[in-house]
Each structure stands twice: as structure tokens, then as C-alpha cells.
Amino acid sequence: MTQGEPPPRSPRSRPTMREVAALAGVAIKTVSRVVNGVPTVDPAIVARVREAADQLGYRPNLTASSLRRGDGRTATIGMLVEDAANPFSAALTRTVENVARERGVLVLVGSLDEDPARERELARALVDRRVDGLVIVPAGRDQSYLISEQRSGTCMVFVDREAGLLDADAVVSDNRQGAVTAVDHLLRAGHRRIAYLGDRASIPTAALRFEGYRHALEVAHVKCDDEIVRHVEASEAAAMAATEEFLSLPNPPTALFTSQNLLTIGAVRALRALGLQHSVAQVGFDDFPLADILSPGVSVIAQDVEQLGKQAAETLFRRLDGDEAPTRTVTVPTRLIERGSGEIPAAARQNRL
């Protein structure tokens, strides 16, 4: 084999640093210095090494490299969300990714499907892969399984929901007040039969939104009627079925408060299928794509997803940088966006009957 000719190797093996060195005609240590960005290497040698690496298709083993670093960092963080396909989860992930990218850190993402067992499984899998930190939207109410990892130095921040049985930083929306604002808005439009359609009550955010719903009714001296309250699986199909059931009652609701974005979408579909989108009012919790171009537009309580993700990521990186201040929970306000559906007066439904 002569210099400039790639050394023979198995077609299934990955190119090695030794092969790059042989092709570039330099020592393995020189290749290592180039790969690690040591600034004192002669530019001509750097160019030669990089050309050899490109020719072979060589990629450095970042995991092995991290094990040789003094701080043991891998330049990766793990992120666990409810469902990566959900618009809220997708927007949250992208914001965390944007912050991480500025620091040269890769984000590894997993979906929990509101399954506490899957949360434990994926969190441990990420820790086993030596991620530097975790951003978690918890599915369960008990995160004490992470205490030993936290003591071992794994930094973690919880977003959208606080951790249970674990002292950790969290960034959450003002779920209870957001729900109060939504129901108050419908009450001001004259509604007294306001149905609640929410996620499973075991989910902390769902519980807070239901609490806000009940509180707003109580303050207005309106009875919370169990006949028009449903806690269902967060799916469009479940929301459509529940909405159709509500509206088939002898005394149907004149308004809906849908407390999760997929449930809001399902309720919108049901109202349109029944031809009631202009006579039954609706306010949803969480914005979603195209909500503003429907007729009527869907009024929502919007979470500041960008701020949630940014605060969570920045908090995690502060911890990774050595911040030892006491843990805290940051609450991000929500806002009402009026688009038409939440402004339909109670009289519209009554006139239709």
C-alpha cells in the first residue's frame, strides 16, 4: 500500500483514525489533534487530514471521545415529551433544540404517551447513554426513581408539569388561571351551561385546568353539572364522541371548554359535522395550527410554548455550568386569543332550539 491509497478493510467496518493517519501520511496523534480542534496544528496538515477523512467517510466516535474528556460531558441532552407528533410537544422540542444548538449540544427526544412506566424506561435509557442532562414533561406523579441519578450529577429540569417526590427545577404554564380565564370569558357571553371536556384527571395539567373550570363556575354561582363533564383519552375521536353526546342531551350545553389541543380539534370537527359551529361557543386550552382561519376562528387560551422551552433549556444549561442555587418553579402566564368561537353568545344556541 502506498501513501494516498486507502488501506484495505472490511466493507462493513467503520473507517478508523488509524486509516485516516495512514492515508494522510501522519501520526495517529496528529489526526486526534485535528479532530479535537487543537489550534496549533499546521493548517496544511489539517487540510490533508480532513481530505483523508472525507475520502474515507470517517466520523469521530463522540462517545469514546467524551469518555476521554476530563469533565465526562457528551454534548447531548435528553428530552422526554408527551407525544413528539403533538403540536405543543413539537414546538416545545424545537425551542429547546434551538437553545441547545447554540451551545453545540444535540437533543435526543422520546415520546412518553402519558405512560409512567415508559417515562422511567426512557429516562434511564438516556442516562445510560450518558446524556449531560434531561428535560422532562413527566407522565407520572412520582419521579423519585431519578434521585440517585440526580445525586450522581445528572442535571434535570421538568417542563409543563412539576416533578413529584423529587426536588427539581420546573417551568410550567399557569394552567389553573388559564382555565378560569376561559370559563369567565364564556360566562360573560351569557353562558350558564358550559361543558368541560378534558384529558384524564390523573394528569397534573388536566387536574389544574378542571380545578380552574370548577372555580370559575363557583365564583359565578353556577352549578358544576357532572352530566356535562368528561375526562377522556386525548384524541380527536374521543373528543368527537363526547361532544356529540353532550349535544344530544335533553338540556345540552351552550358552550364548551376543551382543555387540551387534540380535544379542541375533535370538538371542532363534531360541531361542524352537526352544523353547530356558529351557535355553540367554544374556548380551547392550547393553540393549534389553522385555528385562526376556520369559520369561526377558534378562541383559545394560548400557552407561551417558546418561553416554556427557552426557560427550561436555559435553566438546564445554568445547572450544567455549575449553578447551585435552590431549585425553583417558574410559572409562565397564558393569554386569551379571541377569534370568534368563544364570543358566540348564549342566545345563538337558544335561538336555534
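Structure: above.
Not measured: the values here are computed from a predicted model.

Caption draft 1: Broad picture of the pattern of salt bridges. Tallied over the entire structure, the rule returns 13 salt bridges. Where R193 meets E227, a salt bridge forms, and the shortest distance between an N and an O atom there is 3.7 Å. Placement of R193 in the loop between α8 (175-188) and β6 (194-198) and of E227 in the loop between α9 (204-219) and β7 (229-231) is noted, with a sequence separation of 34 residues between them. When salt bridges that share partners are traced, they join D169, R318, R319 and D323 into one network.

Caption draft 2: Layout of the packing of helix α2 (residues 28-35) against helix α3 (residues 43-56). Running from N to C, α2 and α3 point in directions that differ by 95 degrees, and their axes come no closer than 10 Å. Viewed along their axes, α2 and α3 adopt a mutual orientation that is roughly perpendicular. Residues T30, V31 and V34 of α2 touch α3, and the partners they reach there are I45, V46, V49 and R50. In the contact of α2 with α3, the residues fall into five nonpolar, one polar and one charged.

Caption draft 3: Examining the sheet that holds strand β5 (residues 169-173) more closely. Taken together, the six strands give an open sheet; going across it, the order is β2-β1-β3-β4-β5-β11, and neighbouring strands pair in parallel fashion. Looking at the sheet topology across the chains shown, the edges are occupied by β2 (106-111) and β11 (329-332). Taking each pair of neighbouring strands and ignoring which way they run, the sheet shows an average axis angle of 15 degrees. Examined bridge by bridge, strand β1 (residues 76-81) and strand β3 (residues 133-136) share four bridges and lie parallel to one another. Within β3, the position partnered with G78 by the bridge is L134. Contacts from helix α6 (residues 116-128) reach β1, β2 and β3, with the element oriented near 175 degrees to β1.

Caption draft 4: Examining the packing of helix α10 (residues 236-247) against helix α11 (residues 261-274) more closely. Across the interface, α10 lies against α11 with an axial gap of 7 Å and an inter-helix angle of 50 degrees. When the axis of α10 is compared with that of α11, the two are oblique. The handedness of the crossing between α10 and α11 is right-handed. Between α10, through E236, A239, M240, T243, E244 and L247, and α11, the contact on the second element is made entirely by L262, L263, I265, G266, A267, R269, A270, L271 and L274.

Caption draft 5: Representation of the nonpolar core in the model. Core analysis: the largest hydrophobic core is formed by 25 residues, its most contacted members being I77, L92 and V159. It is helix α12 (residues 305-320) that contributes the most residues to this core, seven residues altogether. Not counting chain neighbours up to four residues away, the residues in contact with V159 comprise L92, V135, I136, V137, P138, V171, L308 and A312. In terms of nonpolar packing, the next biggest core, distinct from the first, is built from 21 residues, A182, F257, A281 and I344 among them.

Caption draft 6: Broad picture of the pairing of strand β4 (residues 155-159). Of all five residues that make up β4, five are buried, and the element is covered over most of its length. Burial along β4 is two-sided: the face carrying C155, V157 and V159 and the face carrying M156 and F158 are both buried. Pairing geometry for β3 and β4, over four bridges, is parallel. Bridging across to β4, G133 finds its partner in C155. In terms of strand pairing, β4 meets β5 through three bridges, oriented parallel. Across the sheet, residue V157 finds its bridge partner in β5, namely D169.

Caption draft 7: Structural view of the environment of D142. Residue position: D142 is located in the loop between β3 and α7 (147-151). By relative accessible area, which is 36% here, D142 ends up partly exposed. The sequence separation of D142 and G164 amounts to 22 residues, and the corresponding C-alpha distance is 4.6 Å. Not counting residues within four places of it along the chain, the set of residues in contact with D142 comprises G164 and L165.

The rules behind each value
Residues numbered from 1 in each chain as written. Predicted model: local features only at pLDDT ≥ 70, side-chain atom pairs only at ≥ 80, totals over all residues. Heavy atoms only, no water. Salt bridge = Lys/Arg side-chain N within 4 Å of Asp/Glu carboxyl O. Helix = DSSP H or I, 4+ residues; strand = E, 2+ residues; numbered from the N terminus. Axes fitted to C-alpha atoms, helices over the stretch in contact; angles between N-to-C directions. Parallel < 35°, antiparallel > 145°, perpendicular 65-115°, else oblique. Contact = heavy atoms within 4.5 Å. Nonpolar A, V, L, I, M, F, W, Y, C, P; charged D, E, K, R; others polar. Pairing = 2+ DSSP bridges. Left-handed = near helix turned anticlockwise from the far one by under 90°. Core = buried A, V, L, I, M, F, W, Y, C linked by side-chain atoms within 4.5 Å. Buried < 20%, exposed > 50% of the residue type's maximum accessible area, 1.4 Å probe, protein only.

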